Amino acid sequence: MKKFKKFFKLLLLVSICLPSISNASETDCVVLVYHRFSDEGPKSTSTSPKVFNQHLAYLQDNEFTVLPLKTVIKKLQSKERLPLNCVSLTADDGFLSIYKEAFPLLTQYQFPMSIFVSTNAIDKNYESMMTWDQLREMAPLVDVFNHTVNHPHLVNLSKENLENEIHIAQDRISKELGVEDKYLAYPYGEYDDQTYSFLELNDYIAFGQQSGVASQNSDFLNIPRFSMSGPYAKMESFILKVKTVEMPLKSTEPKSMIVSDSFMPVLDLVFLRPLTKFERDNFACYVSGQNKAKLEWNGLHSVSIAANEPLGVGRSRYNCTMPYKENGRYYWFSKLWLRL
């Protein structure tokens, strides 16, 4: 009896230290992004077909629900519940290996995938890219969305070039495949204020390349996706990512990813609820190419995050994690920066 009382007290203490968020995994979904499916392609953007098969087998064997991307987005927007352990698969660019290597596995497991294609490479019949006929053949298991015409860096494009890159690609996809959904994945995950405003004005949903979990609280013009290419595709990394939970954030500033001035940008996070002391003490952020970021706390409600050294030219990230109430699961948030 004494042992039972001690156990009950310990359980009660844990429940107080780690407050329950009963709907956390019913209001969010992990979105994964792949590129090439190859053992010979560039390591940074390639996933071995054997490893991809292991990913799908894990999802099937561990009772994950793999949903089409548009189903996930519509449920998040309407604040409907999602199934527990929700995952959605995406791939960028439209490489031929999607058709040759990934599609047979998707068919075997009957898992849907959404592909973001750059239309010019398809129209010019590049050998490494799929054709419109192959994209049609993969329906209805595979949806196709906008990845611009020429896959440019969208930052600092002229207004005319920006509009052409997005509108012309959308028109081509609509004409060839009958797609009406206005979903766009940013090439390289990059955008500026002009791009963001244009997509907002034209009622697009947009997807980035920063890690994190898609949720009802997401910015629907910069929905996070976990990369599953190169070293990120290893099973240990894959299992960690598909089990992550949305960081409980009320606001994040700044929304812009462009870095200027000291090149050590400050990221301000305000949480939806006060963190426990345990959560705050185990909250950590890492900077690309550096070590841990500097954290400046304002009680248990908010934190300011900054790099210890100037960010390098190009893309960098602040990746922040915090233990979730279930062992082996983590809250996750990532901010992508771009130094020009």
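For every chain, the first residue of the written sequence is number 1, and numbering continues from 1 along that sequence. Reporting of local features is limited, given that this is a predicted model, to residues whose pLDDT is at least 70; pairs of side-chain atoms are given and counted only at 80 or more, and all residues count toward the totals for whole chains, interfaces and linings. Values reported for side chains reflect all heavy atoms of the structure, with hydrogen atoms and water molecules removed beforehand.

Undergrad: When you look at the sheet that holds strand β15 (residues 266-271) in this model, what are you seeing that I'm missing?
TA: Backbone hydrogen bonds hold the strands of a sheet together, and the pairing may be parallel or antiparallel. Read from one edge to the other, the open sheet built from 4 strands follows the order β13-β15-β18-β17, with strand pairing classed as antiparallel. With partners counted over all chains shown, the strands left at the sheet margins are β13 (249-253) and β17 (294-298), one partner each. On average, each strand axis in the sheet is tilted by 20 degrees relative to the strand beside it, whichever way the strands run. We call two strands paired when DSSP finds no fewer than two bridges between them. What counts as a helix is a DSSP run of H or I of at least four residues, what counts as a strand is a run of E of at least two, and both are numbered from the N terminus. In the sheet, β15 pairs with strand β18 (residues 302-306) via 5 bridges, with the strands oriented antiparallel. In the strand pairing of β18, L267 is matched with I305. An axis is simply a line fitted to the C-alpha atoms; with a helix, the fit covers only the stretch in contact. Between two such axes, the angle follows the N-to-C directions and lies from 0 to 180 degrees.

Undergrad: Would you explain the pattern of salt bridges in this entry?
TA: Between side chains of opposite charge, a pair can form as their charged atoms come close. Basic side-chain nitrogens of Lys or Arg form a salt bridge, by our definition, when they fall within 4 Å of a carboxyl oxygen of Asp or Glu. Under the counting rule described, the total for this entry stands at 14 salt bridges. R81 serves as the salt-bridge partner of E26, at 3.3 Å between the closest nitrogen and oxygen. Here R81 lies in the loop between α3 (69-77) and β5 (86-93) and E26 lies in the loop between α1 (2-17) and β1 (28-34), a separation of 55 residues in the sequence. To sort residues, take the accessible area from a 1.4 Å probe on protein chains only and compare it with the maximum for the residue type: under 20% means buried, over 50% means exposed, and anything in between is partly exposed. Judged by its relative accessible area of 57%, R81 is exposed. For the salt bridge of K75 with E80, the shortest nitrogen-to-oxygen distance reads 3.4 Å. Through salt bridges with shared partners, one network takes in D123, D133, R136, R172 and E176.

Undergrad: What's the story with helix α8 (residues 193-201) in this structure? I'm lost.
TA: For the α-helix, the turn length of 3.6 residues means that residues three or four positions removed from each other point alike. Buried within α8 we find T195, Y196, F198 and L199. Considered in projection along α8, the buried side chains sweep an arc of 165 degrees and stay on one side of the axis. Exposed positions of α8 whose direction lies more than 90 degrees from the buried face are D193 and L201. We call two residues in contact whenever any of their non-hydrogen atoms come within 4.5 Å of each other. If you follow the buried residues of α8, they end up packed against α7 (159-177), β8 (183-185) and β9 (205-207). The arc in question is the one spanned by the directions pointing from the helix axis to the C-beta atoms.

Undergrad: Whenever I open this one, the packing of aromatic side chains confuses me. Can you help?
TA: A ring pair, where both rings are aromatic, is described by two values, the distance of the centres and the angle of the planes. Note on aromatic pairs: the rings of Phe, Tyr and Trp (six-membered ring only in Trp) are paired at centre separations within 6.5 Å, and the planes decide the class, stacked below 30 degrees, edge-to-face beyond 60, tilted for the rest. One pass over the full model with this rule turns up 19 aromatic pairs. Where F271 meets F283, the ring centres are 5.8 Å apart and the plane angle is 90 degrees; that geometry is what we call edge-to-face. Taken together, the positions of F271 in strand β15 and F283 in the loop between α10 (277-282) and β16 (284-287) put the pair 12 residues apart, joining distant regions of the chain. For the pair shown, F271 and F283 are each scored as buried. Counting every residue linked through ring pairs, the aromatic cluster contains F116, F145, Y183 and F207.

Undergrad: Help me understand the nonpolar core, please; the structure alone is not making it clear to me.
TA: Soluble globular proteins tend to bury their nonpolar side chains together. Of all hydrophobic cores here, the largest spans 60 residues; its most connected members are L32, Y34, L59 and L89. Sort the elements by how many residues they give to this core and helix α4 (residues 96-109) lands first, with 8 residues. In this view, L89 contacts L32, Y34, L56, L59, V66, L106, F111, P112, M113 and S114; residues no more than four positions away in its chain are not counted. Among the buried residues, those of types Ala, Val, Leu, Ile, Met, Phe, Trp, Tyr and Cys that are joined through side-chain atoms within 4.5 Å form a nonpolar core. Of all hydrophobic cores here, the second largest spans 23 residues; its members include L269, A293, Y324 and Y331.

Undergrad: Is there a simple way to think about α7 in this case?
TA: Taking 1.5 Å per residue, 19 residues should reach 27 Å; α7 reaches 27 Å between its end C-alpha atoms and fits that length. Every buried residue of α7 is listed here: L162, E165, I166, A169, Q170, R172 and I173. Projected down its long axis, α7 carries its buried residues within an arc of 160 degrees, all on one side. Turned more than 90 degrees from where α7 packs its buried face, K159, E160, D171 and K175 sit exposed. One or two positions beyond α7, positive phi appears at G178, with a value near 75 degrees. Helix span, expected: 1.5 Å multiplied by one less than the number of residues in the helix.

Undergrad: Please explain the pairing of β17 as it appears in this structure.
TA: Each regular strand carries side chains that alternate between the two faces of the sheet. Where β17 and β18 come together, 5 bridges link them in antiparallel fashion. Along β18, the bridge assignment pairs E296 with S304. Between the antiparallel neighbours β17 and β18 lie 3 residues, among them G299 with a positive phi of about 65 degrees.

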